[in-house]
Structures are given as C-alpha cells and as structure tokens.
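Observations on the model geometry
The chain contents come next:
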Amino acid sequence: AMAALTAQRLFGVHGKTVLVTGGGRGIGEMIASGFVANGNKVYIASRDHEALGVTAERLNSLGEESGGSCVPITANLASREGCEELIGEIRQLEPRLDVLVNNSGASWGEGLDRSSGRMNWGWDKVLDVNLKAPFYLTRAALPLLDASAAARPGDPARVIMIGSVVGIQHQDVPSHAYDASKAAVHSLTRKLSSDLARRGGKGGRPQGHITVNAIAPGYVPSRMTAGLSSWGADAETMSEAVPLGRLGIDADMAGAALYLASPASSWVSGIVLPVDGGMLAQPLSLGISGEAL
C-alpha cells in the first residue's frame, strides 16, 4: 500500500497518448515538452507547419532517453470543420486518446476609442479559437477519450483546458475579447466536467470516466506575452509585478499539466488552477502606500 503513495506512483505519467493544440510554441510547447520528457507520445497541432516541425524535431531528440515521441499535425482550429478534421486524423492513427490539452489561442488588443474596422476588436477571431475550438475538439474526441477511460480503470481520460489569470481578473490593457474568452473557458471547463464525469457506462458506452480541468497561467514568456510590450509591459516590468519575482517557465506549465494528467489528480475535476506566481492573491488596492502599514 505504501508503494502507491510514492511520488513516482502518484505523479508518474508515461506511456500515454496526448494531443496538445498550439503545441509548436509558447505554453503549448512547454506542456508538450513535459509529456515527451516523461515517455509519452505527444501529437502537436497548429497552423504553423514550420514551427511544428522545429519543435517536433527538438522533442524527438529529447524523447530518445525517456521513450517519448512527438508527431506534428498541421491543423486550422478556427472552424468546427478544422477541429473535427484534426480529431479524425488522430482517430486514424490511434485507438484512444488519454490526454487532450486545449491550448491553442489567439489574442487581440484594441482600444475602445478605435473604430476597429472589419476585425471588430478581434471578437470573432478570438472566440473561434479560444472558446469554440476547445468545445468542438473535446466533443469530437469523446470516442477516443471513452476508449482511454475504458482501457485504464481507475485512471480517467483527461481534458486540460488552458485558461488564464485574465479570465479571473482582467488585465490593464484593452484585450476585451481575450479576457472574456478566458473567463468563458473556465465556465466551459466546469460545464464539461459535469457532463463527462458520469458519461461512462451510459447509452452503451464503455465504463470509465473523463475529468476536465483548466490551468490559468499567469505571465509566461511567449509570443502572445511579447505582444503586451506595445502597451508598455516588458519582461522586467511584468516580473516586478509578480509577487514571486519572476515570469513563468516551462517547468511551471509542464508541472501543472502533468499533475492534471497523473494518478494524483484522478479524483479532481472541474477546477481552475492558477499558476501565476501569486498574482491573483494580491490585495485590492486602497490607494494607500505600503509604508503606512
């Protein structure tokens, strides 16, 4: 019984089949790296064929030691058809999917004083990728996730959403569509968690469970975070704003994802886990200076 409580047994994640959308760069690449480093087969998908190729090559050399591997698939997740096509490709290659990481994202920042034009402050672009795609992908992947849940009794299939701290507390830049989309991702996480927990064994489906959780990252170096520099936020000013004194790194993102895919979290569903260096725990400003305290 004690062996079941070792870190290796509780937190070990290996031999799983994983799909990470937006896995070619940024947080998706960090998460994909963590799964490959632990001996899992990871599919990464995005529109950027070149970035996928470079990342897959790097991860496959990383995986030589761990037995992990990485397979790139070019996909456009801005439409229902694109999402269903991607899952269709996975279904041709794999009998089951153990972990789906819905990480692909788009952002847009544009002030209210602008007249925007045909992009309409990015609302359609951002909601298509950030909110609709995770729904379409998760729904399309259900047969693969059901197969995983049935094949591994006591180890649910996992859906991991990538939300954001800005879905909990909005940021000080005009990213209205982005911030709202991430709040909606957190809501969708809880709703799908409720839908999928008791899915196994009903309607002729195999027995087994699916958990759905979200990671809400704080500020992590990525192309998207770099975009905040146009509003005056650079790596140094952002690091200073974080109570724990630095931006997020690959280990922070990979660690949270591995936890949510591990035996340790098999009884966890519907949570939104902030991984943000303590950002959200800061006090509300009363406009008084720290010296007064």
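Everything numeric in this text was worked out from a predicted model, so none of it was measured. (Residues numbered from 1 in each chain as written. Predicted model: local features only at pLDDT ≥ 70, side-chain atom pairs only at ≥ 80, totals over all residues. Heavy atoms only, no water.)

1. Quick look at the nonpolar core
With 30 residues, the main nonpolar core has Leu 19, Leu 86 and Met 161 as its most contacted residues. With 27 residues, the next largest nonpolar core counts Leu 52, Ala 56, Ala 257 and Leu 260 among its residues. (Core = buried A, V, L, I, M, F, W, Y, C linked by side-chain atoms within 4.5 Å. Buried < 20%, exposed > 50% of the residue type's maximum accessible area, 1.4 Å probe, protein only.)

2. A short note on unusual backbone geometry
For Ser 116, which is not glycine, the phi dihedral falls at a positive 65°. Within the secondary structure, Ser 116 sits in the loop between strand E4 (99-102) and helix H5 (123-151). Of note, the phi angle at Trp 121 is positive, near 60°, even though the residue is not glycine. Assignment of secondary structure puts Trp 121 in the loop between E4 and H5. (Helix = DSSP H or I, 4+ residues; strand = E, 2+ residues; numbered from the N terminus.)

3. Description of helix H6 (residues 176-197)
Helix length check: H6, at 22 residues, gives a terminal C-alpha distance of 32 Å against a target of 32 Å (1.5 Å per residue), a fit within 8%. Within the sequence span of H6, burial applies to Ala 177, Tyr 178, Asp 179, Ser 181, Lys 182, Val 185, His 186, Leu 188, Thr 189, Leu 192, Ser 193 and Leu 196. (Expected span 1.5 Å × (residues − 1).)

4. Topic: the packing of helix H2 (residues 26-37) against helix H3 (residues 49-66)
What describes two packed helices is the angle between their axes and the distance between those same axes. Contact pair H2 / H3: the axes reach a minimum separation of 8 Å and the direction vectors enclose 25°. One element, H2, and the other, H3, form an angle in the roughly parallel class. Handedness of the H2/H3 crossing: right-handed. Within the contact between the two elements, H2 uses Glu 29, Ala 32, Ser 33, Val 36 and Ala 37 and H3 uses Thr 55, Arg 58, Leu 59, Leu 62, Gly 63 and Ser 66. Here the residues of the contact of H2 with H3 sort into 5 nonpolar, 4 polar and 2 charged. (Axes fitted to C-alpha atoms, helices over the stretch in contact; angles between N-to-C directions. Parallel < 35°, antiparallel > 145°, perpendicular 65-115°, else oblique. Left-handed = near helix turned anticlockwise from the far one by under 90°. Contact = heavy atoms within 4.5 Å. Nonpolar A, V, L, I, M, F, W, Y, C, P; charged D, E, K, R; others polar.)

5. Some points on helix H9 (residues 250-261)
Every α-helical turn comprises 3.6 residues, leaving residues that sit three or four positions apart pointing alike. The end-to-end C-alpha separation of H9 is 16 Å, in line with the 16 Å expected for 12 residues at 1.5 Å each. The set of residues buried in H9 consists of Met 253, Ala 254, Ala 256, Ala 257, Leu 258, Leu 260 and Ala 261. Buried residues along H9 sit in contact with H2, E4, strand E5 (157-162), strand E6 (210-217) and strand E7 (272-275).

6. Quick word on the pairing of E5
In terms of residue burial, E5 counts as a mostly covered element, since 6 of its 6 residues are buried. Following the chain from E4 across H5 to the adjacent parallel E5, one finds a crossover that is right-handed. In this sheet, E6 lies alongside E5 in parallel orientation, the contact comprising 6 bridges. The residue of E6 that forms the bridge with Met 161 is Ala 214. In this fold, E5 hands off to H6, which returns the chain to E6; that crossover is right-handed. (Right-handed = clockwise from strand over helix to strand, strands pointing away. Pairing = 2+ DSSP bridges.)

7. Quick look at the sheet that holds strand E2 (residues 41-46)
Here we have 7 strands laid out as an open sheet, ordered E3-E2-E1-E4-E5-E6-E7, and parallel in their pairing. Looking along the sheet, the strands with just one partner apiece sit at the ends: strand E3 (69-74) and E7. Taking each pair of neighbouring strands and ignoring which way they run, the sheet shows an average axis angle of 20°. As paired elements, E6 and E7 share 4 bridges and run parallel to each other.

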